[in-house]
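Read off the chains here:
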Amino acid sequence: MANVRDKILRFRNHAAIVLWCARNEGYPPKTIDDALRVLMTELEPTRLYQANSADGRGVNSHGPYHWRTPREFYVYDEAFKTEIGSMSVPTLESIHGMMPEKDWETINDDWAQHDFAKGAADGDKYPAIIADRYGKVANLADFVRKSQLANYEAFRAMYEGRNAKLFHPTTGVITWMSNPAQPSFVWQLYHHDLEPNSALFAVKKAAEPIHIQLNEANGEVQVINNLDTPLESAHAHLAIYNLDGAVQYQHDFEVSAAPSLATTLGSVEWPSTLSAVHFVKLELRDATGKLISENFYWRGLPEHQNDLKALGSLPVVTLGASVVRRETEGKVFVTVTLQNTGKGIALMTHLQLRRKRSGERVLPVYYSDNYVSLLPNETRTITIEAAAADLKGEDALVALDGWNVGVTAATSAGVSVEANVGALVDHWPLTGLPMEGAR
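Predicted, not measured: the structure shown is a model, and the values here were computed from it.

Further remarks concern the layout of surface pockets. Reported here for the largest pocket is a volume of approximately 550 Å³. Surrounding the largest pocket, 29 residues form its lining, Arg145, Gly402, Trp403, Ala423 and Leu424 being those nearest its centre. Mapped by element, the contributors of at least two residues to the lining of the largest pocket are helix 3 (92–98), helix 6 (140–163), strand 16 (346–355), strand 20 (396–401) and strand 21 (405–407). Here the lining of the largest pocket gets five residues from one element, more than from any other, and that element is helix 6. Partitioning the lining of the largest pocket into residue classes produces 17 nonpolar, eight polar and four charged.

This is the structure we're talking about:
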């Protein structure tokens, strides 16, 4: 208790302290808890004291830490979720980098050493979840491709589910975790080697200061205003597309969103002409027409909402591309503009910066966005930032892949864009990615 007294006296004037906790994810012995409460009353009467960091005053930790459907992330009763996670499969290149080739096409003990196992993440159940949701897995490349869909769905909902009840009762959510201490298949926004997977960009999307979203539990369109000023005279647009890229429904909303609040614009009127899987595009623009937020969902029919296998029927969409490189103050910036000039939807377009001659990835890299989906006639510009020294004197290469995405090669001074052939399912043998010991 003398130690605690010194701690309180030393830190109680620090502006960053919100509350004091006696123990991390557990309760102290009653004698210590009782003594701490007396000491807090004497020395720190203006701040909260909480015996257990994981419980009390609307706080809850305890996960869960396994993959769940988006709508399940909307069910909770705590205000502040201090720890929640999901399976989070890294990129194909990161997996290749963390395991020898002999283990790439069989889920075995090597995978288990990287947390793909029974336990809090339910890794032993995950392959069946992916196959049931998106279709039978052909090989590791296909597994990664499908898992990026799962990553994006779960991690976006992890935050959007909280957004839906902003300050009623939600105050915050913390993902376990940003990155793992060792190469892993679980609980990460970016990998041990610093490469992000789709989870990072899903969270970035959901955590926009002003954000438009589809409530995946009840079908409402919501605007989340995390700023302290109202959003006035804004406009939202909803469009629903079938698998063939044809528009099935459109609707416009006038938007007035109070600060620090989730505002519901209305429920989606789902047309009867929807394909087995369909797409929802949301756009939010301010009074001048400037785009503030946009969002894109893939969704199954209500009677088969966990069956998204029809995504496998999407034809390959070849994107047009242009690219520019510039350097300043030791940094290199690559600006890639992608154009979908076809009639189909390009799903989960993934960009990866490499050194052109060696083909090696540049890490770390900062992308303004990634794993983006483009509608017919849509254009998207993405900025990539890295340390110029990390290119090691080589030209830059932006390798591009996706769910059903190809690209027409493009080149300019010191940089080019090409298809990431190594990420294609057809580039690898069909193995079925068996699990050792599976029954």
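On to the packing of helix 5 (residues 126–134) against helix 6. Taken N-terminus to C-terminus, the directions of helix 5 and helix 6 make an angle of 85°; their axes are 10 Å apart at the nearest point. In terms of orientation, helix 5 lies roughly perpendicular with respect to helix 6. Residues Tyr126, Ile130, Arg133 and Tyr134 of helix 5 form the contact with helix 6, whose own contacting residues are Phe143, Lys146, Ser147, Leu149, Ala150, Asn151 and Glu153. The residue makeup of the contact of helix 5 with helix 6, split by class, is six nonpolar, two polar and three charged.

Note the cis peptide between tryptophan 176 and methionine 177, where omega equals 5°. With respect to the helices, strands and loops of the structure, methionine 177 is situated in the loop between strand 6 (172–175) and helix 7 (198–206). Residue proline 364 is reached from leucine 363 by a cis peptide bond, and omega for that bond is -5°. Its place among the elements puts proline 364 in the loop between strand 16 and strand 17 (366–367). The phi torsion at glutamate 25 lies on the positive side, around 55°, for a residue other than glycine. Structurally, the position occupied by glutamate 25 is in the loop between strand 1 (19–23) and helix 2 (30–43).

Let us look at empty space enclosed by the protein. Inspection of the entire model under this criterion finds one cavity of 30 Å³ or more. Estimated volume of the largest cavity: approximately 110 Å³. In terms of lining residues, the largest cavity is bounded by 13 residues, among which Tyr152, Phe296, Tyr371, Val372 and Ser373 are the most central. Every element with two or more residues in the lining of the largest cavity is listed here: helix 6, strand 13 (291–300) and strand 18 (372–374). Among the elements that make up the lining of the largest cavity, the one with the highest residue count is strand 13 (four residues). Taken together, the residues that form the lining of the largest cavity break down as five nonpolar, three polar and five charged.

Time to look at the sheet that holds strand 11 (residues 261–267). Taken together, the three strands give an open sheet; going across it, the order is 7-8-11, and neighbouring strands pair in antiparallel fashion. Bordering the open sheet on either side are strand 7 (210–214) and strand 11, each of which pairs with just one other strand. Neighbouring strand axes in the sheet, compared pairwise and without regard to direction, differ in orientation by 20° on average. As paired strands, strand 8 (residues 220–225) and strand 11 are joined by six bridges and run antiparallel to one another. Bridged to isoleucine 224 within strand 11 is alanine 262.

Turning next to the nonpolar core. Formed by 88 residues in total, the largest nonpolar core has its most connected members in Trp298 and Leu311. Of the residues forming this core, the biggest block, twelve residues, is contributed by helix 6. Those residues in contact with leucine 311, other than ones at most four positions away along the chain, are Leu149, Leu243, Val277, Phe279, Trp298, Leu347 and Trp403.

Applying the stated criterion across every chain, the model contains 26 salt bridges. Across the salt bridge formed by lysine 309 and aspartate 307, the nearest N and O atoms sit 3.4 Å from each other. Lysine 309 gets classed as partly exposed once you look at its relative accessible area, which sits at 38%. Classification of aspartate 307 as partly exposed rests on a relative accessible area of 32%.

The next subject is the packing of helix 1 (residues 2–11) against helix 2. Here helix 1 crosses helix 2 at 30°, and the two axes come no closer than 11 Å. Regarding the angle of helix 1 to helix 2, the classification is roughly parallel. Relative to helix 2, the crossing made by helix 1 is right-handed. Residues Val4, Arg5, Ile8 and Leu9 of helix 1 form the contact with helix 2, whose own contacting residues are Leu36, Leu39, Met40, Glu42 and Leu43. The residue makeup of the contact of helix 1 with helix 2, split by class, is seven nonpolar, no polar and two charged.

The topology assignment puts glutamate 294 in strand 13. A polar contact is formed between the side chain of glutamate 294 and the side chain of lysine 205, at a distance of 2.9 Å.

Residue position: asparagine 242 is located in the loop between strand 9 (231–241) and strand 10 (247–257). In sequence terms asparagine 242 and glycine 123 are 119 residues apart; their C-alpha atoms lie 33 Å from each other. Once residues within four sequence positions are removed from consideration, asparagine 242 is found in contact with Gln248, Thr273, Leu274, Ser275, His278, Phe279 and Ile345. Polar contacts involving the side chain of asparagine 242 include one to the main-chain amide nitrogen of serine 275, which spans 2.8 Å.

Here the focus is helix 5. Those residues of helix 5 that sit buried are Tyr126, Pro127, Ile130, Arg133 and Tyr134. Within helix 5, the buried residues cover an arc of 140° as seen down the axis, which keeps them to one side. Of the surrounding elements, those touching the buried residues of helix 5 are helix 6.

Quick notes on the rules
Residues numbered from 1 in each chain as written. Predicted model: local features only at pLDDT ≥ 70, side-chain atom pairs only at ≥ 80, totals over all residues. Heavy atoms only, no water. 1 Å grid on protein atoms, 1.4 Å probe; cavity = no way out; pocket = protein on both sides within 12 Å on 5 of 7 lines; lining within 4 Å. Points joined across faces, edges and corners; volume = space filled by probe spheres on them. Helix = DSSP H or I, 4+ residues; strand = E, 2+ residues; numbered from the N terminus. Nonpolar A, V, L, I, M, F, W, Y, C, P; charged D, E, K, R; others polar. Axes fitted to C-alpha atoms, helices over the stretch in contact; angles between N-to-C directions. Parallel < 35°, antiparallel > 145°, perpendicular 65-115°, else oblique. Contact = heavy atoms within 4.5 Å. Pairing = 2+ DSSP bridges. Core = buried A, V, L, I, M, F, W, Y, C linked by side-chain atoms within 4.5 Å. Buried < 20%, exposed > 50% of the residue type's maximum accessible area, 1.4 Å probe, protein only. Salt bridge = Lys/Arg side-chain N within 4 Å of Asp/Glu carboxyl O. Left-handed = near helix turned anticlockwise from the far one by under 90°. Polar contact = N/O pair within 3.5 Å; in protein donor to acceptor, adjacent residues only side chain to side chain. Arc of directions from axis to C-beta.

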